[in-house]
Every structure is written in structure tokens, then in C-alpha cells.
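Coordinates in review
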Amino acid sequence: MADDWKLTVSGLDDVNRELRELPPKLRRRALMNALRAAGRVFRDEARRLTPVAAVPVRRKGLQIRTPGTVRRAISVRTSKLSRRRGDLGVFVNIRPVKKGQRGAYSPTDPFYWRWLEFGARGKPGAGMLQKAAAKASQAVMQFGMVLGPAVLKLNRKGAQP
């Protein structure tokens, strides 16, 4: 999706000032809670847009797809890469299954999400993750609604490190 769009956020200076007054551990917790809340906005929209099979898919008598597998696998996860750099971050993606549960004939493996997202062999994709990005303004509002009160509450308590 190559649409150009612009998002303007105001009032972050006040939030930054309040955050600087918090001890680092509490600051991280408040930010991560707000980031997760914003990520849930994207996750919920992507889940809403994800196509779901009406019935289980069977091949040679075995069930190979369970309806709603991809929808349930869309999650908000902590970014290990950001954490290694010392930053905070979350991302929304399709959570893979454990190694022993993977495979084309595993009804719980959402590996086929790529075809749902991007399409295959002339079939257009649903673009559920890309379309969920349109909820950026709502996610930023949710971020502020969670972070602002949390920071004020912690500063009122005189938070100790």
C-alpha cells in the first residue's frame, strides 16, 4: 500500500516533561502499557478485516485449516530488536506457531497469512495488516489516553525508583 498520508500529533511536549520526572523503570512500564494499547487498535482492526473460511478445509480426510486461525494469530508483540537497542517498541504481526506444530497440514499454523495479505496467482489479497494502518490516528489517541493519566497518577504518588 503506497498511499501517502500525514499524521500530526500535538501535546507531546507536556507528556515528555511529565515522563522525565518519572524514574526509568516506571517510565518504561507506563510507555509499554500505552504502546500495547495503541497496538491493540491496529490488531483489532486487522482481525476485523481478516477473511475467515466458513468451514474447516479438509484434504484427504484430514483437517488442514481451522476457520479463524489467522485471525486469532494476529497479536501485539514486544520488539526484541528495540529492547536490545535499549528502546521500547511493540509491533503487530501474525504470531507463528511452535516448531513442532508447523506445516502445511497443521490446522493451527497460520503460515498462509501471506497469501491472504498479499494475494497469490492472480487473486488479490485482503491487505488486512496494511489497511489496519489507516487507524493510526485512533492508535495515537489511545496511546495518549493511556499514557497521560498513567504519568499523572505516578507523579502524584511521588513515585520512587
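As a reminder, the structure under discussion sits directly above these lines.
Report on the accompanying structure. Bear in mind the structure is a predicted one, so any value in this text is a computation, not a measurement.

What counts and how
Residues numbered from 1 in each chain as written. Predicted model: local features only at pLDDT ≥ 70, side-chain atom pairs only at ≥ 80, totals over all residues. Heavy atoms only, no water. Helix = DSSP H or I, 4+ residues; strand = E, 2+ residues; numbered from the N terminus. Buried < 20%, exposed > 50% of the residue type's maximum accessible area, 1.4 Å probe, protein only. Contact = heavy atoms within 4.5 Å. Core = buried A, V, L, I, M, F, W, Y, C linked by side-chain atoms within 4.5 Å. Salt bridge = Lys/Arg side-chain N within 4 Å of Asp/Glu carboxyl O. Expected span 1.5 Å × (residues − 1). Polar contact = N/O pair within 3.5 Å; in protein donor to acceptor, adjacent residues only side chain to side chain. Phe/Tyr/Trp six-rings, centres within 6.5 Å; stacked < 30°, edge-to-face > 60°. Axes fitted to C-alpha atoms, helices over the stretch in contact; angles between N-to-C directions. Parallel < 35°, antiparallel > 145°, perpendicular 65-115°, else oblique. Left-handed = near helix turned anticlockwise from the far one by under 90°. Nonpolar A, V, L, I, M, F, W, Y, C, P; charged D, E, K, R; others polar.

1. Some points on the overall build of the chain
- When its secondary structure is counted, the chain shows seven helices and six strands.
- Helices (α) and strands (β) of the chain occur, in sequence order from the N terminus, as α-α-β-β-α-β-α-β-α-β-β-α-α.
- Split into buried and exposed, the 161 residues of the chain put 29% on the buried side.
- Sequence-distant contacts in the chain: of pairs separated by 6 or more residues, those separated by 24 or more amount to 59%.

2. Structural notes on the nonpolar core
- Among the nonpolar cores identified, the biggest contains 11 residues, and these are L26, A30, L31, A34, A38, V41, A139, F143, L147, V151 and L154.
- Those elements that place two or more of their residues in this core are α2 (24-49) and α7 (136-156).
- Among the elements that line this core, the one with the most residues is α2, at six residues.
- The next biggest cluster of nonpolar side chains, apart from the first, holds 10 residues, and it includes I74, I94, A126 and A132.

3. Focus: the pattern of salt bridges
- In this structure the tally under the stated criterion is three salt bridges.
- In this structure, D44 and R43 form a salt bridge, with 2.9 Å as the shortest nitrogen-oxygen distance.
- The class for R43 is buried, based on a relative accessible area of 18%.
- A salt bridge links E45 to R48, with the nearest nitrogen and oxygen atoms 2.7 Å apart. Pair noted here: E45 and R48 are both in helix α2, with a separation of three residues, about one helical turn.
- Its relative accessible area of 56% is what places R48 among the exposed residues.

4. Things to note about α2
- For α2, with 26 residues, the first-to-last C-alpha span of 37 Å sits near the 38 Å given by 1.5 Å per residue.
- Those residues of α2 that sit buried are L26, A30, L31, M32, A34, A37, A38, G39, V41, R43, E45 and A46.

5. Points about the side chain of R43
- Structurally, R43 is set in helix α2.
- Reaching out from R43, the side chain makes a polar contact with the side chain of D44 at a distance of 2.9 Å.
- Sequence-distant contacts of R43, that is, excluding residues within four places in its chain, are made with I74, S75, V76 and V92.

6. Let's talk about the packing of aromatic side chains
- In the structure shown here, the tally under the stated rule is three aromatic pairs.
- Residues W113 and F118 carry aromatic rings whose centres are separated by 6.2 Å and whose planes lie at 55 degrees to one another, so their mutual orientation is tilted.
- Residue class for W113 comes out buried when judged on its relative accessible area of 18%.
- Taken together, the ring pairs connect F111, Y112 and W115 into an aromatic cluster.

7. Quick word on the packing of α2 against α7
- The geometry of α2 relative to α7 is characterised by a closest axis approach of 8 Å and an angle of 155 degrees between their N-to-C directions. In terms of orientation, α2 lies roughly antiparallel with respect to α7. Read as a crossing pair, α2 and α7 show a hand that is right-handed. Counting all contacts with α2, which are made through L26, A30, L31, N33, A34, L35, A37, A38, V41 and F42, the residues of α7 involved are A136, Q138, A139, Q142, F143, V146, L147, A150 and L154.
- Of the residues belonging to the contact of α2 with α7, the class tally is 16 nonpolar, three polar and no charged.

Any link to function would need more than the numbers given here.
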